[in-house]
Amino acid sequence: MSDSQVEGAASTSGLGSRKRRWTELLAGRVKRQMYSPGTEQKLQESAVHLLRRHLNLNDLLLEVEGAPRKTLCLNQLIDPEACTNLSSSLIGSALRDQASRLGVPVAVLSSRMVASSITQICVSDGEPSHRVLLSAEQRKKLSSLLEVARYLLAHSMFSRFSLCQQLWEVQGSLLLEVVWQLHIQNVVSFQELLESHADTQATVAWLFRNLCLLCEEMEASLYSDIASAMLSDLVQMFVLRGFQKNSDLRRNAEPEQMGQLACVVLQRMLIFALEALAAGMQDGSPQHKVVKCWFGVFCGRTYDRMISTDSPKRFFSHTLTQVLTHKPVLRVSDAVQMQKEWSFAKTHPLLTGLYRRLFTMLSPEELVGHLQEVLETHEVNWRHVLSCVSTLVICLPEAQQLVKDWVARLLARAFENCDLDSMVTAFLVVRQAALEGPSVFPSYADWFQASFGSSRGSHCCSKKTLVFLFKFLSDLVPFEAPRYMQAHILHPPLVPSKYRSLLTDYVTLAKTRLADLKVSLENMGLYEDLSSARDVTEPHSQAHQDVEKAIAVFEHTGRIPSAVMEARFCTAVISYSLCKYSSLSRDTLCGCLSPALVKKFQFIILRLFPEARDPLCPEDTADPPWRPLCRPSADWQQAALCLWKQRTFRELLKEKEFHLTYRDWLRLELEIQPEVDCLSDTERWDFQQWALHEYFLPKPSAAGGCDGDLQVACAVLVDVLIDFRQSSRSYNYSENSDLVLSGCPGNRDIFSRLQEMAAGLEQGPAAPRSCSPPQGHFLFGVFRRRLQALASGWDVAARLQRQRELLVYKWILLGLPPSVVVGRPQAGRPAAPDCTEFFHLVNSELRNFSHGSALTHDLTVHFFRGLLNACSQSGDPSLTADLVLTACQTECPLVLTSALLWWPRLEPELRSRWRRCLQGPLPQELQRLWEAQRFGRSCLLPDTASPAPGPAWLSAAALYFEIQRAGKDRVKSQLERLGCQGEELLVVLFFFSLMGLLSSHLTPHRRPHQAVDTPKALDICAEILGCLEKRRVSWLVLFQLTETGGGLGHVLLRLAPDQYVRLLPFAFYSLLSYSDEDALIGEDAFLHVAVDMYLKLIHLFVAGETSALSTVASRSRERRGQGDPVGLITEARRFLLRSIPRCPKESFSNVAELLATSADWDPDVRAALLSRQQAGPDADLYREPRLF
């Protein structure tokens, strides 16, 4: 029946019929349909539908109730006033009666009554369209109503679903606090109410409007505590439902709808806030109130009750992603130009406050990782990303290093793949972090220099990476601020000389851009004002600002910062200080000025102004008055010269602490790179020649000079150069590489001056004939003094420090004439040139950083060039060569083995130079090297091997290097062809193979001269060991070598690094499984060697030296335990305990000293030794005890 039909039936039954009541109509319908199946249920459903559609409940109840009675009527129940005066039980009874008369469920009627009452409460205090909170009177009425509702609910007389539907029909009048009260009073939850509405968009719109109103009312309302609780509960529900785990959502399909709705509402509120911020809202405006309040919900207190779930963390991460990706309309070029406006200080406090709250839920590592992930997977809003970076480094100090590491990874990826996105991100992030000041993050100039100013930078990998870098920097030029171009020019990337044009092209472009902007290269503020919107400052005003700020620092600290090093600035500061503080005493003034500042000023004046290098006349030292620094920038040059000539300043320079010493000058000159030097190449050469030979060389040492001693000048230069190279971090080194040093940063011309002065020392007369030993070259004296000052030891730090030092020594040696290595022969007799100092350096230092019993190729070639040079100055070249190389056999054999290793590359130069300059055949000792190399090569050929020249270790070295090149495949058969070659050669060959085995463990990455890896090295050792045992040649002597006595140990121990010698116990027990155990046990020396090697192996393990060995076990199951130190020690112990009872009695005659030592390291081994030593002569030597 339609609504119009029902209304007509209620008023009349037709013509001539009397008016009937509603109950009669219903009764009549029941009678007519009572015999139909399901009639009662259908009738009830129709009544409920009619009741729900009847909007005016009062009119309907008047029809139902008829004439007034003295009993409680239903229309009284919908009056909120009635609910406060009637008991819940009475109201429930009345509702039950009325429902019975209506023929509808009491739960439906109760819900309709409560909904109608709620509507009256909401509109009782005026139009609710702009409010979300109840008045005190409304709150009182609602409390009474909800008490009734809870009673009805408890007695199954209330329908939540029906109430939700009724409330949505009057949502325009529904106040948000009513919904919250229904939730906290357990009448209808938020979730039930929101999910009951079929129109999700309408629900979202209603929630968004009410949340905005709630945020707007928060501060001004008298009931802010209620408003705060409402907002907190709502947000908690949205976060809990919208960001629960996916596994929780799959359990029930119902929460998914609520989760989507919650996410949409939260996202809409965030977008509204971000757009209001972008639009530039005013403080105190309604939008400002909403944004401030909404960002406040990210406070950690809101989520205290949710701490056991991960929902808040997921919500914060999601919110951060939304902020970073909101409206990504800015291009990278926009970000480059505008990022200075996005620093922490210039970002809206509400946005930085949001970031700080979001940071509380995530660790610094998670935050940086999240930033990285968002930038890699989304288009981003660069303003939000970079302001987030600023807030991150400001508010979380522990994140600063994480950001540096992230940038380093970005750079590595950028240069590895020429990835422009990674490059852009790295530069923008660094520049943003640097905007926050040096206390937070290194300056951009420092970062740029650290990243690209040495050969360790990723840009030095190839020409491709260099082109990539300079194209990127060039593309930035039209958009970036002048201070960044200035940093690139003043701290340029290190570029190999053959690619120097890439740098000069960029510098030209950047300088042209600076000229267009009317910014000079020198116009870089020393104290940058990040809050200033200006980017270009006039030179004179910038200097004036810098001086004033430096003076302010002085007034607070009593000193002027020594880092202030601009020429213009030096002039201004010093002058500003004999005017403003002229009343101070001379001693006080000396204490105020920084010596570094005054020295820098002297350096610049002497460097830039040739007229300042001339001696001053008395009339030139007048005291000009102080004039404020407000003239054009060109005047600083005139002011600097005036200050230089001023009498008071000249008097100040006489103080010792203000002397510009030769060492000071070298340090400052080394810092200047020729590419950005304002002096031309010719001007720079003239200045350096004047400074060295006319100024510092003749100057007394008391005044910072060299007392006219050219050798002292060279020694100081070398010392300063080494310090500079150490600080510049311009070396490339790893534990798995040879000595390698990259190109020199800074002023390379200074090294040229060293070469010139060293050549000047060489041009003196030949050393006179004398019985006194030569004094040696000054260079080795500098090396020796510095090495003695270094920490000794074999820990990683000491080794790295020593190797860094030796890298620089090697670089200097290779840059100086070869005659430094091999001195000139003494005049008047064919004596050997003096190589003592070089031999000592090789034996004591370079040997310990060699690999494969050889020096590097460049150092080997340098020595032999020096030898040829010495021969060319000798009356008997062949004799000179023979004397030097014969001395090498006993004093520095590593030089000869190095020659054998590099002979294929060394021989052509030796022969051509000897024929061209000295004529005749090669000297006997050079011929010996050739014969040894021919012998080694012939041993691996099918023909008969050539005879081995002496000494045996030389031929053995040549043979081993050939075996290394050939690998394992051709070793066994060729070793058998050695025939009658001496036993000593095989023993030494085994020694070299042991060194190769240890080298493969310590440096598993192959080099050009190391063609075998660890398994092959082990196989080579095993083959040589088998050959030795087959010929019954004892090899145990190799593990008893000593330097005393001048025997084989004297040579072999000088062919191996000390670390390798100490690790011989590792090699010994690695190879035992390849030996004939019975034959070994029968040797008298075996027991002493085996116990000694075992105790030393334990000592190495305890000292941590075995940690440097690579693990073979992880790569070869069949050799498990041989590369693992712990496994090797275990196997060695078992071997000893198994072998000791089998050793002959004679073996124990020389193990007495080991018994005391073994007690400290292994009592079981000591007990076994004592037991076997004390056993009677008839004891069963071959009985194997059950030890395990």
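Located above this text is the structure these notes cover.
Residues numbered from 1 in each chain as written. Predicted model: local features only at pLDDT ≥ 70, side-chain atom pairs only at ≥ 80, totals over all residues. Heavy atoms only, no water.

A. Spatial organisation of a nonpolar patch on the surface. On the surface, a nonpolar cluster with roughly 360 Å² of combined accessible area is contributed by Phe1101, Val1102, Val1126 and Trp1161. Along the chain, the position of valine 1102 falls in helix 55 (residues 1086-1103). Given a relative accessible area of 56%, valine 1102 falls into the exposed group. (Patch = residues over 30% accessible without salt bridge, like charges linked within 9 Å, V, L, I, M, F, W, Y side chains within 5 Å. Areas by Shrake-Rupley, 256 points an atom, 1.4 Å probe, with all protein chains shown as cover. Salt bridge = Lys/Arg side-chain N within 4 Å of Asp/Glu carboxyl O. Helix = DSSP H or I, 4+ residues; strand = E, 2+ residues; numbered from the N terminus. Buried < 20%, exposed > 50% of the residue type's maximum accessible area, 1.4 Å probe, protein only.)

B. Local environment of the packing of aromatic side chains. In total, this model carries 44 aromatic pairs according to the counting rule given. A ring pair is formed by tryptophan 168 and tryptophan 206, whose centres lie 5.5 Å apart and whose planes are at 80°; its orientation type is edge-to-face. Within this pair, whereas tryptophan 168 is found in helix 10 (residues 160-169), its partner tryptophan 206 is found in helix 13 (residues 200-217), the two being separated by 38 residues in sequence. As far as the burial class goes, tryptophan 168 and tryptophan 206 line up, both buried. Of the aromatic side chains, those joined through ring pairs into one cluster are Phe415, Phe427, Tyr444, Trp447, Phe448, Phe452, Phe468, Phe472 and Tyr484. In this structure, arginine 268 is placed above the aromatic ring of phenylalanine 208, and the distance from its NZ or CZ to the ring centre is 4.3 Å. The residue whose ring lies beneath arginine 431 is tyrosine 484, and the NZ or CZ to ring-centre distance is 4.0 Å. (Phe/Tyr/Trp six-rings, centres within 6.5 Å; stacked < 30°, edge-to-face > 60°. Lys NZ or Arg CZ within 6 Å of the ring centre and 35° of its normal.)

C. Looking closely at the nonpolar core. By size, the foremost hydrophobic cluster in this structure holds 187 residues, and its most contacted members are Tyr662, Ile812, Phe863, Phe864 and Tyr1069. Examining the composition of this core, we find that 13 residues originate from one element, helix 49 (residues 983-1002), more than from any other. Those residues in contact with tyrosine 662, other than ones at most four positions away along the chain, are Leu692, Phe696, Gly704, Cys706, Ala713, Val716, Leu717 and Met757. Counting residues in each nonpolar core, the second largest holds 156 residues, with Met157, Ile226, Cys293 and Leu367 among its members. (Core = buried A, V, L, I, M, F, W, Y, C linked by side-chain atoms within 4.5 Å. Contact = heavy atoms within 4.5 Å.)

D. Representation of the pattern of salt bridges. Summed over the entire model, instances satisfying the criterion amount to 36 salt bridges. A salt bridge links glutamate 341 to lysine 346, with the shortest nitrogen-to-oxygen separation between them at 3.6 Å. Classification of glutamate 341 by relative accessible area gives partly exposed; the value is 33%. Owing to a relative accessible area of 26%, lysine 346 belongs among the partly exposed residues under this scheme. In this structure, glutamate 1043 engages arginine 1054 in a salt bridge whose closest nitrogen and oxygen atoms are separated by 3.8 Å. A residue pair is termed long-range when its members are at least 10 positions apart, and glutamate 1043 in the loop between helix 50 (1014-1030) and helix 51 (1048-1052) and arginine 1054 in the loop between helix 51 and helix 52 (1058-1062) qualify at 11 residues. A cluster of three or more residues bridged by salt bridges with shared partners is formed by Arg663, Asp719, Asp723, Arg785, Arg786 and Glu805.

E. Representation of the environment of alanine 1168 within the structure. Checked against the element boundaries, alanine 1168 lands in helix 58 (residues 1163-1174). Separated by 30 residues in the primary sequence, alanine 1168 and arginine 1138 have C-alpha atoms spaced 9.5 Å apart. Filtering out sequence-adjacent residues up to four positions away, alanine 1168 remains in contact with Leu1137 and Ile1140.

F. Region of interest: the packing of helix 32 (residues 595-608) against helix 35 (residues 662-670). Relative to each other, helix 32 and helix 35 sit at 70°, their axes nearing to 11 Å. Classed by the angle they form, the pair helix 32 and helix 35 counts as roughly perpendicular. For the pair helix 32 and helix 35, the sense of crossing is right-handed. Here Lys599, Lys600, Phe603 and Arg607 of helix 32 lie close against helix 35, whose contacting residues are Asp664, Trp665, Leu668 and Glu669. Split by residue class, the contact of helix 32 with helix 35 holds three nonpolar, no polar and five charged. (Axes fitted to C-alpha atoms, helices over the stretch in contact; angles between N-to-C directions. Parallel < 35°, antiparallel > 145°, perpendicular 65-115°, else oblique. Left-handed = near helix turned anticlockwise from the far one by under 90°. Nonpolar A, V, L, I, M, F, W, Y, C, P; charged D, E, K, R; others polar.)

G. Region of the structure containing the packing of helix 24 (residues 420-434) against helix 26 (residues 463-476). In the contact formed by helix 24 and helix 26, the axes pass within 12 Å of each other and the chain directions differ by 55°. Taken as axis vectors, helix 24 and helix 26 run oblique relative to one another. At the point where helix 24 passes helix 26, the crossing takes the right-handed sense. Contact residues: helix 24 offers Leu420, Met423, Val424, Phe427 and Arg431, while helix 26 offers Phe468, Leu469, Phe472, Leu473 and Leu476. Among the residues forming the contact of helix 24 with helix 26, the class breakdown is nine nonpolar, no polar and one charged.

H. The arrangement of the environment of leucine 320 in detail. Structurally, leucine 320 is set in helix 18 (residues 311-325). For leucine 320, a relative accessible area of 1% puts it in the buried group. The spacing of leucine 320 and leucine 367 is 47 residues in sequence and 9.4 Å in space, taken between C-alpha atoms. In this structure leucine 320 touches Tyr355, Leu358, Leu367, His370 and Cys388, once residues within four positions along its chain are discounted.

I. Just unusual backbone geometry, in detail. Of the consecutive residues glycine 950 and proline 951, the connecting peptide bond is found in the cis state with omega at -5°. Within the element layout of this structure, proline 951 appears in the loop between helix 46 (924-938) and helix 47 (952-966). Although it is not a glycine, cysteine 418 sits at a positive phi angle of roughly 50°. Relative to the helices and strands, cysteine 418 is located in the loop between helix 23 (398-417) and helix 24. Among the residues examined, cysteine 418 registers a relative accessible area of 26% and is labelled partly exposed. Positive phi, close to 60°, is recorded for aspartate 707, a residue that is not glycine. One can find aspartate 707 in the loop between helix 36 (681-696) and helix 37 (710-728).

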